Amino acid sequence: MTIIDENAYRKLTEADLENLIHPQHYSPDHQEPVIFDHGKGVWLTDVKGKSYIDGLSCLWNVAVGHGREELADAAADQIRKVAFTNNYTGYSNVPAIELAAKVISLTYENMGGVFFTNSGSESNEGAFKTARFYWNLKGKPEKTKLIARERAYHGGTLATSTMTGLPPFWKYFGPLVPNIVHTQAPENPEDSVGEPNSDGEYASWIEDSILREGPETVAAVICEPVKGAGGVWTPSESYFRDVREICDKYDVLLIADEVITGFGRTGKMFALERWNVQPDIVTIAKAITSGYIPMGAFIVSREIRDALKTVPADAKFMHAYTNSAHPTASAVGLRNLQIIEEEDLVANAQSMGDRFGAGLHSIFDDHPHVTNIRQLGLIAGFSTVAERDPDQGYDAGNAVGVKIQTHMREEGSVITRIVGDNVLFAPPLCVNAGEIDQMLDAVKAAVDSVTLT
Ligand SMILES: Cc1ncc(COP(=O)(O)O)c(C=O)c1O
């Protein structure tokens, strides 16, 4: 543990500002950074010695919580044996072989093959390439388009930024990748069919998009079961059953981006289990190693795996990363999944998530400036609104979100995230009832401090 004085903190901050380009870089965000030093369970401590509940599992990824000695040992043991070996043509390693089998056993019943990556972005990019590859093998090379959704987040590569349905991620990076299109609300709202999701989106918009583009040109649809970075938007009860039906009707693959929801976040090991839906490809990252070491994967159905495994020499699957199936990452992944199972963290996500959701409802159901509370396991959010009682001088928009976030962090010792007017939560799956209640106290105080002045 290294706790430092103000002078040393200033020096670190200056060096950070000088040298480090952060994700979503904007220098004003980094003038007074929280610089983390260590963590244990759901708690993180910064270099000044202040501790916080990690209300977003850092970036939705630290599923088993911080400071797990078992994971340090798994990495150290593997590095001592051999840190890295080649997994290309004709080579393999034991932890990756074991992890692939483990991942298949935990995902949907129809899954058959795993390709390991280093991140969620690489997983989604690879899933898209694999969908195109598969349709070529099936003699339908014209099926090249990908349909993604508004408010979805799929990653930071050029193709996955294009899939992302959040326009700020596109600015100044264009031209974007062609043949990736987004769903749109129909001009006439009465043309929407089914039950809306918590962000007002309908499954029928996917069918509209497939028809607009021409089903014979569409390779796949990509969906996060719960849209995370776009603001935590949960689906309606029927949404994914309808999407599955639409994909089947038009011979389109369904890619489930479970980079956030995979491995228990929603109270099921994989989110679509809740609605008895099986995708054709699943993408994962984050919780597979709980962020202790970078790793991701895309997992394909047995049908796609069989197609990939029986190609002629001139149709070899030329998709590769140096670090694919990295032995040390695989060893950490195996040990991490063992913790998730042994500690029954998926059930804990369900029960602690329900406690958090019930708490949010009891605090905010009648609150003049909070609306649209959503929660599925340990992923939750709500929206703040000015319109419900403008006479109170409520300060609407992102400024409110920032104030809530800052109050929660400084006064309530809880770190969370905001997207516009939405306040988001996703604590580690090992969170306990006392910590959930502390988060609820912190969010109540923060919202009251902003809205009731
Ligand atoms: C749903 C989803 N997909 C993909 C990604 C991209 O993952 P990565 O940042 O590991 O590339 C993220 C990252 O937050 C995500 O939330």
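Use the structure listed above.
Criteria and cut-off values
- Residues numbered from 1 in each chain as written.
- Predicted model: local features only at pLDDT ≥ 70, side-chain atom pairs only at ≥ 80, totals over all residues.
- Heavy atoms only, no water.
- Pairing = 2+ DSSP bridges.
- Helix = DSSP H or I, 4+ residues; strand = E, 2+ residues; numbered from the N terminus.
- Buried < 20%, exposed > 50% of the residue type's maximum accessible area, 1.4 Å probe, protein only.
- Contact = heavy atoms within 4.5 Å.
- Axes fitted to C-alpha atoms, helices over the stretch in contact; angles between N-to-C directions.
- Left-handed = near helix turned anticlockwise from the far one by under 90°.
- Nonpolar A, V, L, I, M, F, W, Y, C, P; charged D, E, K, R; others polar.

What to know about the sheet that holds strand 2 (residues 43-46)
The strand order across the open sheet built from four strands is 1-2-3-13, with neighbouring strands paired in mixed fashion. Whereas interior strands pair on both sides, the edge strands pair on one side only; in this sheet they are strand 1 (36-40) and strand 13 (414-415). Two strands pair when backbone bridges link them, and strand 3 (residues 51-54) and strand 13 are joined in this way by two bridges, in the parallel orientation. Residue Asp54 lies in a different strand from strand 13, and its bridge partner there is Ile415.

A word on the side chain of Glu207
As for its placement among the helices and strands, Glu207 is situated in helix 7 (residues 204-213). Look at Glu207 and you get buried, because its relative accessible area is 18%. Beyond its immediate stretch of four places on either side in the chain, Glu207 contacts Ile246, Lys249 and Tyr250.

Focus: the packing of helix 4 (residues 94-106) against helix 10 (residues 327-342)
Across the interface, helix 4 lies against helix 10 with an axial gap of 8 Å and an inter-helix angle of 35 degrees. By crossing handedness, the relation of helix 4 to helix 10 is classed as left-handed. Each of Pro95, Ala96, Glu98, Leu99, Lys102, Val103 and Leu106 in helix 4 lies in contact with helix 10, whose residues at this interface are Pro327, Ser330, Ala331, Gly333, Leu334, Leu337 and Glu341. Split by residue class, the contact of helix 4 with helix 10 holds nine nonpolar, two polar and three charged.

So, unusual backbone geometry
The amide bond that connects Gly174 to the next residue, Pro175, takes the cis arrangement and shows omega of 0 degrees. By the secondary structure assignment, Pro175 is in the loop between helix 6 (158-163) and strand 6 (180-182). Despite not being glycine, Ser413 shows a phi value in the positive range, around 55 degrees. In this structure, Ser413 sits in the loop between helix 12 (398-410) and strand 13. What makes Ser413 buried here is its relative accessible area of 16%.

Shape is all these values report; function is a separate question.
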